Each structure stands twice: as C-alpha cells, then as structure tokens.
Amino acid sequence: MAAAAGSGTPREEEGPGGEVAAPQPQAPTSGPGARLSRLPLARVKALVKADPDVTLAGQEAIFVLARAAELFVETIAKDAYCCAQQGKRKTLQRRDLDNAIEAVDEFAFLEGTLD
C-alpha cells in the first residue's frame with residue numbers, strides 16, 4: 001500500500017484489471033502520528049497477559065485484538081444509538097444497549113451480561 005505524497009495517509013491502489021483495492025490496515029510503526037489503534041496497546045497487552053492460558057503475545061496479535069475490540073465497540077454503539085434515536089433521544093442509556101443486544105443475533109452472547 002502506498003501513502004499519499006507527504007501525508008502519511010494510505011491511498012487506494014489499482015489492482016490488475018483496473019479495480020481499486022481497499023486500503024488494508026497495517027501494524028503500527030514507530031513514526032510520529034502512526035496511531036492506527038485508538039485503544040492503548042499496552043492496556044490491551046496487559047488484558048491479554050491477565051489470561052493465565054496466554055504465555056506470549058506478539059505485537060501484531062495485540063494490534064489485531066485492539067482493532068477488533070474497536071470495531072466491536074463501534075458496532076454495538078451504533079446499534080445502541082439507533083435504539084436511542086427510535087426513542088427520540090441522542091443520549092445512550094443502558095436500555096439502548098439491552099435493546100441492541102436483543103435485536104442483533106451476533107450480540108446474543110452478551111445477553112444477561114448487563115444484569
């Protein structure tokens with residue numbers, strides 16, 4: 001993946017046949033402003049290491065777990081916000097999360113966790 005000239009921002013590349021490939025996230029680098037994860041990786045690593053079954057966790061694995069957690073939180077927050085909008089509110093409440101968990105099959109594993 002190439003970066004736009006001087007911006008450090010990934011840009012789309014043209015693949016064979018002329019189609020445009022979507023930019024792929026990359027593991028964080030040590031350069032300035034290279035923050036691809038919004039969650040602190042040290043905190044994610046500490047959570048992973050808190051599991052007694054985990055002995056080693058590579059930096060790439062920590063990054064992927066952090067990114068997955070971000071996407072999960074983003075998805076459930078958007079669904080809960082839709083529930084709040086149906087109630088003509090802008091502020092998320094616990095019942096909005098409960099409603100989102102009940103409405104979306106992928107969140108079934110969370111049922112009862114907020115009790």
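First things first, this report covers the structure right here in the doc. (Residues numbered from 1 in each chain as written. Predicted model: local features only at pLDDT ≥ 70, side-chain atom pairs only at ≥ 80, totals over all residues. Heavy atoms only, no water.)

A closer look at the side chain of Ser37
Then step 1. Relative to the elements of secondary structure, Ser37 occurs in the loop between strand E2 (20-21) and helix H1 (41-49).
Then step 2. What makes Ser37 buried here is its relative accessible area of 6%.
Then step 3. A polar side-chain atom of Ser37 sits 2.8 Å from a polar atom in the side chain of Glu70. (Helix = DSSP H or I, 4+ residues; strand = E, 2+ residues; numbered from the N terminus. Buried < 20%, exposed > 50% of the residue type's maximum accessible area, 1.4 Å probe, protein only. Polar contact = N/O pair within 3.5 Å; in protein donor to acceptor, adjacent residues only side chain to side chain.)

Some words on a nonpolar patch on the surface
Then step 1. The grouping of Phe72, Val73 and Phe109 at the surface amounts to a nonpolar patch, some 300 Å² of accessible area in total.
Then step 2. Its location among the elements puts Phe109 in the segment after helix H3 (94-103). (Patch = residues over 30% accessible without salt bridge, like charges linked within 9 Å, V, L, I, M, F, W, Y side chains within 5 Å. Areas by Shrake-Rupley, 256 points an atom, 1.4 Å probe, with all protein chains shown as cover. Salt bridge = Lys/Arg side-chain N within 4 Å of Asp/Glu carboxyl O.)

Comments concerning the packing of helix H2 (residues 59-86) against H3
Then step 1. Between H2 and H3, whose axes approach to 8 Å, the crossing angle comes to 110°. Judged by the angle between their axes, H2 and H3 are roughly perpendicular. Relative to H3, H2 is oriented so that their crossing is right-handed. For the pair H2 and H3, contact is made by Ile76, Asp79, Ala80, Cys83 and Ala84 and by Asp96, Leu97, Asn99, Ala100 and Ile101, respectively. (Axes fitted to C-alpha atoms, helices over the stretch in contact; angles between N-to-C directions. Parallel < 35°, antiparallel > 145°, perpendicular 65-115°, else oblique. Left-handed = near helix turned anticlockwise from the far one by under 90°. Contact = heavy atoms within 4.5 Å.)

Some thoughts on the packing of aromatic side chains
Then step 1. Under the defined criterion, the tally for this structure stands at two aromatic pairs.
Then step 2. Ring geometry for Phe72 versus Phe107: centroids 5.9 Å apart, planes at 90°, classification edge-to-face. With Phe72 in helix H2 and Phe107 in the segment after H3, this residue pair connects regions lying 35 residues apart in the sequence.
Then step 3. Given the relative accessible area of 4%, Phe107 is considered buried.
Then step 4. On the basis of an interplanar angle of 40° and a centroid distance of 6.2 Å, the ring pair of Phe72 and Phe109 is categorised as tilted. Taken together, the residues span a long stretch of sequence, with Phe72 in helix H2 and Phe109 in the segment after H3 at a distance of 37 residues.
Then step 5. Residue class for Phe72 comes out partly exposed when judged on its relative accessible area of 32%.
Then step 6. Residue classification places Phe109 among the exposed residues on the basis of a relative accessible area of 57%. (Phe/Tyr/Trp six-rings, centres within 6.5 Å; stacked < 30°, edge-to-face > 60°.)

Some points on the pattern of salt bridges
Then step 1. Following the criterion strictly, the structure yields five salt bridges and no others.
Then step 2. When the shortest N-O distance is used, the salt bridge between Arg89 and Asp96 registers 2.7 Å. We note that Arg89, like Asp96, is buried.
Then step 3. Linked by salt bridges that have partners in common, Arg94, Asp98 and Asp115 make up one network.

Some details on H1
Then step 1. For H1, the full list of buried residues reads Leu41, Val44 and Val48. Along H1, the residues classed as buried sweep out an arc of 60° about the axis, all on the same side. Summarising the geometry of H1, the exposed residues directed more than 90 degrees from the buried face are Ala42, Arg43 and Leu47.
Then step 2. Of the surrounding elements, those touching the buried residues of H1 are H2. (Arc of directions from axis to C-beta.)

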